[in-house]
Amino acid sequence: MATSVAERKLTMARAISEAIDQAMTEDPSVLVMGEDVGPYGGIFGATGGLYEKWGSERVLDTPISESAFIGAAIGASAEGLRPIVELMFVDFFGVAMDQIYNHLAKNYYMSGGTVKHPVVLMTAVGGGYSDAAQHSQVLTGLFAHIPGLKVVMPSNAFDAKGLMLEAIADDNPVLFAFHKGLMGLGWMPSDDQAAVGVPESSYRIPFGQAAVARPGRDATIVTIGAMVHRAVRAAEAVRDRIDAEVIDLRTLVPIDRAAIVDSVRRTHRLLVVDEDYRSFGMSGEVAAIAAEEALDYLEAPIRRLAVPDVPIPYSRVLEQAVIPSADAIEAVLTAWARGA
Amino acid sequence: MTADEARAMYRMMRLIRRYEDQMAEIYVEGKTPLFSIAAGTVPGEMHLAAGQEPVAVGVCRHLRPEDAVTSTHRPHHVAIAKGVDLKRMTAEIFGRQDGLCGGKGGHMHLFDPAVHFSCSGIVGAGFPPAVGSAMAFRRAGDDRVAVAFAGEGAANQGTFHESLNLAALWHLPVVFVIEDNHYAVSVPKAGSTAIAKNSDRAAAYGVPGLYVAGNDVLAVDEVAREAIARARAGSGPTLIEIETSRLYGHFQGDAEGYLQAGEKDAWRQQDPIPRFRQMLMERNWLTAAEDAEIEAAVAKEVADAVDYARQSETPDPSTALTGVFAAPEVSQAS
Ligand SMILES: Cc1ncc(C[n+]2csc(CCOP(=O)(O)OP(=O)(O)O)c2C)c(N)n1
Ligand SMILES: [Mg+2]
């Protein structure tokens, strides 16, 4: 978490748009395109104010032609621009996946390192507000699976700004996923913990460095994004019985193996919490890292909480049954506290 | 067109309007004083189609229950006109167990196979499945047709062009209907589309393309009748673009700051329902008493559907974990 003493609190949405604005000021090759990123300011406010300041030459509303405008970022970046491309919801990327996973992600490698694509793909993830199966997914595991894409998901405004500036400066394609429930939008429930002090100056947070969201000695919870705050709340609720450490990965690619391994070696217990689908994703990856490098230190089987391989259902009670809750995290910790 | 037919169309338009107005009211239930998308009787996004009744009614009136329709994130008008069970549709929107999908789908994902209706929250997603339904109908050797409805914004999606080409190449019984309500969220048509009329794009695929101006149900009726008859007769696909207007925002809660001054007022003044009523009355096809009867009847139909939804139980949370695969179930859960 931010150790900065900045007093100015920003929502995550404001922190992201400020980061983009600063990058646009520093580097004329940075531009933004996507659906409703212009006068509307982005459905989730991530491009608020940019159109008014930079105009339609550098903040471009696009048709609903994702293959075309995401693919266009490939050529534009090869020719020296640094596009930030927003596609509202991560769920919508299916229509443009070929441009992403066969080209954007691979061209650097296939070209023997001669072609670079400094592109940021920015998108909203997550559920919890009854938007059903095509508007509530996280899907970061899908992108992290593809060699050549970096994957970033901040849990708070300080990290969001620093990670966005790093993403824009990076010479590789970066998927920047922000959780809708962290953005500080008036019309959507938002976790208070996400709005934190953010320095006005421009700063970068290097990828691959996890943050300790809560230090602890008895168990390790590895998580990312909105689940960080749930994990911290659960850990606080049972602090008298078990002292859990919460690790915020911040980036899935690259992943901070050392942070995971060091913590597990100290605490001897690992719970992975992910709002993405369980199988073949982050939770399995983190468990594998622990098994590879800290197996002898584990005193209990690794536990995972994630969406149990079902589409996100619409009805509130159904949705609540599949998205990992603070209660479910607490239950795992409590069982461990009882000696399980 | 007989007076009875015209009155039936009018009644259907009134039913849709009543439904959408009722949904707008119910949507804010539990969301005041502070609006939260997650709160209330009906949470999540809500895209209403008031103003777009002529499209749904003018087209679907030429369809039979066994014809297939795909719709969009803004599906209620088409669903109602296609004959989707109003009670079970409403229960689905309420997330209840008696809903069309047991509460798993919601307002953007309504499925009613009894009348071959489906929709999707992904823009442009409905074109290819309609082509596929048309393939199946042709193979079955009968005269069923498929109709894909989508917004003007969706006509810039690759699926639109690929599907038109495929349908034309294979000469399939499918009709593409573009609902031109001038905007895709905040982006006006001219800001997203290189030509003024998507219907002109039909020329690129060698199929007829027709633009219906004025949000006029009778004009839609005429063009749709011919296109659907062509498809049934085995003469191939047609593209129809219909000018219409979106009387609510893109979604409920949309502040619509992007609209031009007076734009919404102009649409309201051109509201297709009062215009149609006036026309019917001038032709003596509708009396004031009949109009009142229709109003009462559609209000009751909607109220009954809402009552049904309210009385339906919320689903058993454990059902969230079943039904990912058709039988036999596969579980990867530990
Ligand atoms: C592939 C995809 N991209 C973007 C979106 C987000 N989105 C939902 S509706 C919409 C606008 C659609 O406009 P139009 O097709 O004209 O339909 P209308 O809303 O006007 O009925 C957009 C961009 C989406 N759902 N799917
Ligand atoms: Mg539209």
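We now turn to the structure provided with this report. (Residues numbered from 1 in each chain as written. Chains lettered and ligands numbered in written order. Predicted model: local features only at pLDDT ≥ 70, side-chain atom pairs only at ≥ 80, totals over all residues. Heavy atoms only, no water.)

## Focus on the overall build of chain B
Using the following cut-off: Put simply, DSSP marks the helices as runs of H or I at least four residues long and the strands as runs of E at least two long, and each gets a number from the N terminus on. In this setup the radius of gyration rests on C-alpha atoms only. A globule is expected at 2.2 Å times the number of residues raised to 0.38. The rule is simple: take the accessible area with a 1.4 Å probe, protein chains only, and divide by the maximum for that residue type; under 20% is buried, over 50% is exposed, in between is partly exposed. Two residues qualify as a contact provided that any one of their heavy atoms is within 4.5 Å of a heavy atom in the partner residue. Using a 1.4 Å probe, accessible areas were evaluated by the Shrake-Rupley method; residue-level cover was limited to the displayed protein chains. The convention is simple: Lys and Arg are positive, Asp and Glu are negative, and His and the chain ends are not counted. Note on charges: their place is set at NZ of Lys, CZ of Arg, CG of Asp or CD of Glu.
Tallying secondary structure elements over chain B gives eleven helices and nine strands in all. A compact globule built from 334 residues should have a C-alpha radius of gyration of about 20 Å, and chain B, at 20 Å, falls within 12% of that. The dimensions of chain B, computed from C-alpha atoms along their principal axes, are 55 × 55 × 40 Å. The burial tally for chain B puts 55% of its 334 residues in the buried class. The contacts of chain B with a sequence gap of at least 6 include a subset with a gap of at least 24, amounting to 74%. For chain B, the exposed surface amounts to about 13400 Å²; the carbon and sulfur share of it is 53%. Averaged over its 31 positive side-chain charges, chain B has a centre that lies 2 Å from the centre of its 43 negative ones.

## Comments concerning the coordination of the magnesium ion (ligand 2)
All names here are of chain B. Basically, it comes down to this: For Na, K and Ca the donor cut-off is 3.2 Å, while for other metals it is 2.8 Å, and in both cases only N, O and S atoms qualify; water is not among them, so sites may look incomplete.
In the first shell of the magnesium ion (ligand 2), the protein supplies Glu-152 (OE), Asn-181 (OD1) and Tyr-183 (O), at 2.1 to 2.2 Å from the metal. Donor residues binding the magnesium ion (ligand 2) come from one chain and are separated in sequence as E-x28-N-x1-Y. A residue pair is termed long-range when its members are at least 10 positions apart, and Glu-152 in the loop between strand S4 (146-151) and helix H6 (158-169) and Asn-181 in the loop between strand S5 (174-180) and strand S6 (183-184) qualify at 29 residues. Judged by its relative accessible area of 1%, Glu-152 falls in the buried class.

## A look at the sheet that holds strand S7 (residues 174-179) of chain A
All names here are of chain A. Defined as follows: The pairing criterion for strands is at least two bridges between them, as found by DSSP. Note on geometry: axes are C-alpha line fits, over the in-contact stretch for helices, and angles between N-to-C directions span 0 to 180 degrees.
Strand order in the open sheet made by the seven strands is S3-S2-S4-S5-S7-S6-S12, with mixed pairing throughout. Each edge of the open sheet carries a strand with a single partner, namely strand S3 (59-61) and strand S12 (251-253). Between one strand axis and the next, the sheet turns by 20° as a mean value, whatever way the strands run. Bridging between strand S6 (residues 150-152) and S12 involves two bridges; their strand directions are antiparallel. The partner of Val-151 across the bridge, within S12, is Val-253.

## Quick look at the pattern of salt bridges
Selection criterion: Salt bridges are counted wherever a side-chain nitrogen of Lys or Arg sits within 4 Å of a carboxyl oxygen of Asp or Glu.
Evaluation of the coordinates by the stated rule reveals 38 salt bridges over all chains. Two residues, A:Asp243 and A:Arg217, come together in a salt bridge whose shortest N-O distance is 3.3 Å. Taken together, the residues span a long stretch of sequence, with A:Asp243 in the loop between helix H8 (227-237) and strand S11 (244-248) and A:Arg217 in the loop between strand S9 (211-214) and strand S10 (219-223) at a distance of 26 residues. Taking relative accessible area as the criterion, A:Asp243 reaches 15% and is therefore assigned buried. For A:Arg217, a relative accessible area of 61% gives the class exposed. Notably, a salt bridge pairs B:Glu53 with B:Arg17, separated by 2.6 Å at the nearest N-O pair. Of this pair, B:Glu53 sits in helix H2 (residues 53-60) while B:Arg17 sits in helix H1 (residues 3-28), placing them 36 residues apart in sequence. Residues participating in the shared-partner salt-bridge network are A:Arg214, A:Arg217, A:Glu236, A:Arg239 and A:Asp243.

## Some words on the sheet that holds S11(A)
Residue and element names in this part refer to chain A. With respect to topology, five strands assemble into an open sheet ordered S9-S11-S10-S13-S14, the strand pairing being mixed. Whereas interior strands pair on both sides, the edge strands pair on one side only; in this sheet they are S9 and strand S14 (303-307). Across the sheet, the mean angle from the axis of one strand to that of its neighbour is 25°, orientation sign disregarded. Relative to strand S13 (residues 270-277), S10 runs parallel, the two being bridged by three bridges. Pairing of Ile-221 across the sheet is with Leu-271, part of S13. Across the sheet, helix H9 (residues 257-267) lies against S10, S11 and S13, angled at about 155° from S10, the strand it touches most.

## Concerning the nonpolar core
Taken as a class, soluble globular proteins show a tendency for nonpolar side chains to be buried jointly. Residues and elements named next belong to chain A. Stated formally: Joining through side-chain atoms within 4.5 Å is the link that ties buried Ala, Val, Leu, Ile, Met, Phe, Trp, Tyr and Cys residues into a set, and such a set is a nonpolar core. Where each domain starts and ends follows an automatic or database-derived domain assignment.
One finds Ile-16, Ile-20, Phe-93, Phe-143, Phe-176 and Phe-178 to be the most contacted residues of the largest nonpolar core, which totals 161 residues. Summarising the domain contributions, this core has at least three residues from each of domain 1 (9-197) and domain 2 (211-337). Setting aside anything within four residues of it in sequence, one finds Phe-178 in contact with Met-12, Ile-16, Phe-44, Ala-46, Glu-86, Met-122, Thr-123, Ala-124, Val-125 and Met-183. Among the nonpolar cores identified, the runner-up in size contains 25 residues, and Met-227, Ala-231, Ala-300 and Ile-329 belong to it.

## Focus: the site of ligand 1
Which entries qualify depends on this criterion: Nearness is defined per residue: one heavy atom within 4 Å of the molecule or strand is enough. Two N or O atoms count as a polar contact when they lie within 3.5 Å, although within protein this holds only if one can serve as hydrogen donor and the other as acceptor, and sequence-adjacent residues are included solely when both atoms are side-chain atoms. Each residue gets one of three labels, nonpolar for Ala, Val, Leu, Ile, Met, Phe, Trp, Tyr, Cys and Pro, charged for Asp, Glu, Lys and Arg, and polar for the others, Gly among them.
For ligand 1, the set of nearby residues contains 20 residues, the closest of which are A:Glu66, B:His73, B:Arg74, B:Gly121 and B:Asn181. In this structure, ligand 1 is bordered by residues of chains A and B. A distance of 2.5 Å separates a nitrogen atom of ligand 1 from a polar side-chain atom of A:Glu66. B:Glu152 places a polar side-chain atom, nitrogen or oxygen, 2.9 Å from an oxygen atom of ligand 1. A total of 580 Å² of accessible area belongs to ligand 1 in isolation, and the protein chains cover 97% of it. Of the residues that constitute the shell around ligand 1, the class distribution is nine nonpolar, seven polar and four charged.

## Topic: the packing of helix H3 (residues 66-78) of chain A against helix H4 (residues 97-104) of chain A
Residues and elements named next belong to chain A. Condition: Comment on the angle field: the value is read as roughly parallel under 35 degrees, roughly antiparallel over 145, roughly perpendicular from 65 to 115, and oblique elsewhere. Rotating anticlockwise by less than a right angle from the far helix to the near helix defines a left-handed crossing, while the corresponding clockwise rotation defines a right-handed one.
Axis separation between H3 and H4 bottoms out at 8 Å; the angle between their running directions is 20°. Here H4 runs roughly parallel to H3, going by the angle between their axes. The element H3 and its partner H4 pack so that their crossing is right-handed. Along its contact with H3, which presents Ser-67, Ile-70, Gly-71 and Ile-74, the element H4 presents Gln-99, Ile-100, His-103 and Leu-104. Here the residues of the contact of H3 with H4 are counted per class, giving four nonpolar, four polar and no charged.

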